[in-house]
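# Architecture at a glance
Now for the letters of each chain:
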Amino acid sequence: MIAILQWTTLAICALIAAARVPSALRGENRSLFGIFVLMTIAISLSIEAGYTAVDSFLGANNVANVLLRFVIYGTVLLAGYRIANGFDSAPSVRSIVGPWGVAVLALVSVATLVPFLMANTAGTSTGLTHLPDQSPHNRDLIRLYTAAGRFYPAYIAACLLPPILGVLKRRVLPRLVRIGAAILLVGAVAMIVLALSDMLPQQLAYLQYFISSTAVLGLVVGLALIWAGRVRAGRQALRR
């Protein structure tokens, strides 16, 4: 079930990225295309087959997991800026790319790299859940590493909540744009919930996969619908 969910999420991301290729080649909204491509890469690295292939090439020390983390950071940074700027939310833009946002990203980057470098990560393990070294010290380092990886997307999502909610209240906007904003809201909430998901009981840990997929699909599908809604509104304006 989890594998089906992951492959379905990958297929949706890849299809949306492919649909943006003609526009990107024309020089239209290339940053949006970049977001979809980065998200497709991130999903590919989160699937066991893709992760194992990349990590084996990199030495089988789970360097692929660090690569995945920073691809995610880049994706949510670019998407967060694009969304906040597109919704004309100067406070959110400052929180994401201003001095405070840069400081948060720097701290998260350090909190990601230091525990990883200190831990014994030998032996390819998707999600770092089945590392050969299961000593308490090593598990604690991996928990810190995982917590840092989930904090930054949650931070970006929290920055986006005010402008997304503001768009939902604006009834004059095209319906597709508001639907896209509603889906973005679901994705943003899922990112925040994912950062807290380690508190789930062990028997419910599998829910993290569903929360993660909801976050990804909320971001990708929401952005795609907002883009489609604005294109459609522009064409209708030209016809008038």
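Since we're looking at a predicted model, the values are computed, not measured. (Residues numbered from 1 in each chain as written. Predicted model: local features only at pLDDT ≥ 70, side-chain atom pairs only at ≥ 80, totals over all residues. Heavy atoms only, no water.)

Bringing the layout of surface pockets into the picture now. Estimates place the volume of the largest pocket at around 1,600 Å³. Lining the largest pocket are 48 residues, with Gly 127, Thr 129, Thr 146, Arg 150 and Gln 208 sitting closest to its centre. When contributions to the lining of the largest pocket are tallied by element, the ones reaching two or more residues are α1 (2-19), α3 (30-46), α4 (48-57), α5 (63-86), α8 (136-169), α9 (175-195) and α10 (207-239). Ranked by residues supplied to the lining of the largest pocket, first place goes to α8 with 8 residues. In terms of residue class, the lining of the largest pocket is made up of 23 nonpolar, 18 polar and 7 charged. Considering every element that reaches the lining of the second largest pocket, the biggest residue donor is α10, with 5 residues. In terms of residue class, the lining of the second largest pocket is made up of 7 nonpolar, 2 polar and 2 charged. (1 Å grid on protein atoms, 1.4 Å probe; cavity = no way out; pocket = protein on both sides within 12 Å on 5 of 7 lines; lining within 4 Å. Points joined across faces, edges and corners; volume = space filled by probe spheres on them. Helix = DSSP H or I, 4+ residues; strand = E, 2+ residues; numbered from the N terminus. Nonpolar A, V, L, I, M, F, W, Y, C, P; charged D, E, K, R; others polar.)

Moving on to α3. The terminal C-alpha atoms of α3, which comprises 17 residues, lie 24 Å apart, in line with the 24 Å expected from a rise of 1.5 Å per residue. Within the span of α3, buried status applies to Leu 32, Ile 35, Phe 36, Met 39, Thr 40, Ala 42, Ile 43 and Leu 45. (Expected span 1.5 Å × (residues − 1). Buried < 20%, exposed > 50% of the residue type's maximum accessible area, 1.4 Å probe, protein only.)

Moving on: helix α6 (residues 90-97). Here α6 has its buried residues at Ser 92, Val 93 and Ile 96. Seen along its axis, α6 keeps its buried residues to an arc of 100°; they face one direction. (Arc of directions from axis to C-beta.)

Here we come to the environment of Asn 29. Relative to the elements of secondary structure, Asn 29 occurs in the loop between α2 (21-25) and α3. The class of Asn 29 is partly exposed, set by a relative accessible area of 33%. Spatially, the C-alpha atom of Asn 29 lies 9.3 Å from that of Trp 227, the residues being 198 residues apart in sequence. Aside from chain neighbours lying at most four places away, what touches Asn 29 is Arg 20, Arg 82 and Trp 227. (Contact = heavy atoms within 4.5 Å.)

Glancing now at empty space enclosed by the protein. Following the criterion strictly, the structure yields 1 cavity of 30 Å³ or more and no others. There is about 90 Å³ of room inside the largest cavity. The wall of the largest cavity is formed by 14 residues, among which Ile 83, Leu 160, Ala 188, Met 191 and Leu 219 lie closest to the centre. Elements represented by at least two residues in the lining of the largest cavity include exactly α5, α8, α9 and α10. Looking at side-chain class alone, the lining of the largest cavity contains 11 nonpolar, 3 polar and no charged residues.

By size, the foremost hydrophobic cluster in this structure holds 44 residues, and its most contacted members are Phe 36, Tyr 152, Leu 184, Leu 219 and Leu 223. Beyond its immediate chain neighbours, meaning those up to four positions away, Leu 184 contacts Ile 83, Phe 87, Ile 164, Gly 218, Leu 219, Gly 222, Leu 223 and Ile 226. Judged by nonpolar contacts, the second largest core, of 10 residues, contains Ala 119, Leu 128, Leu 131 and Ile 142. (Core = buried A, V, L, I, M, F, W, Y, C linked by side-chain atoms within 4.5 Å.)

Here we take up the confidence of the model for the chain. Interpretation of the predicted coordinates at a detailed level should be avoided for regions scoring low in pLDDT. For the chain, mean pLDDT is 89; residues scoring 70 or higher make up 96% of the total. Across the chain, element-level confidence peaks in helix α7 (residues 99-118) with a mean pLDDT of 96 and bottoms out in α10 with 81. (pLDDT = per-residue confidence, 0-100.)

This brings us to a nonpolar patch on the surface. A grouping of Phe 57, Leu 58, Val 63 and Leu 67 is seen on the molecular surface, where their side chains present a nonpolar patch of about 390 Å² in accessible area. Relative to the helices and strands, Phe 57 is located in helix α4. (Patch = residues over 30% accessible without salt bridge, like charges linked within 9 Å, V, L, I, M, F, W, Y side chains within 5 Å. Areas by Shrake-Rupley, 256 points an atom, 1.4 Å probe, with all protein chains shown as cover. Salt bridge = Lys/Arg side-chain N within 4 Å of Asp/Glu carboxyl O.)

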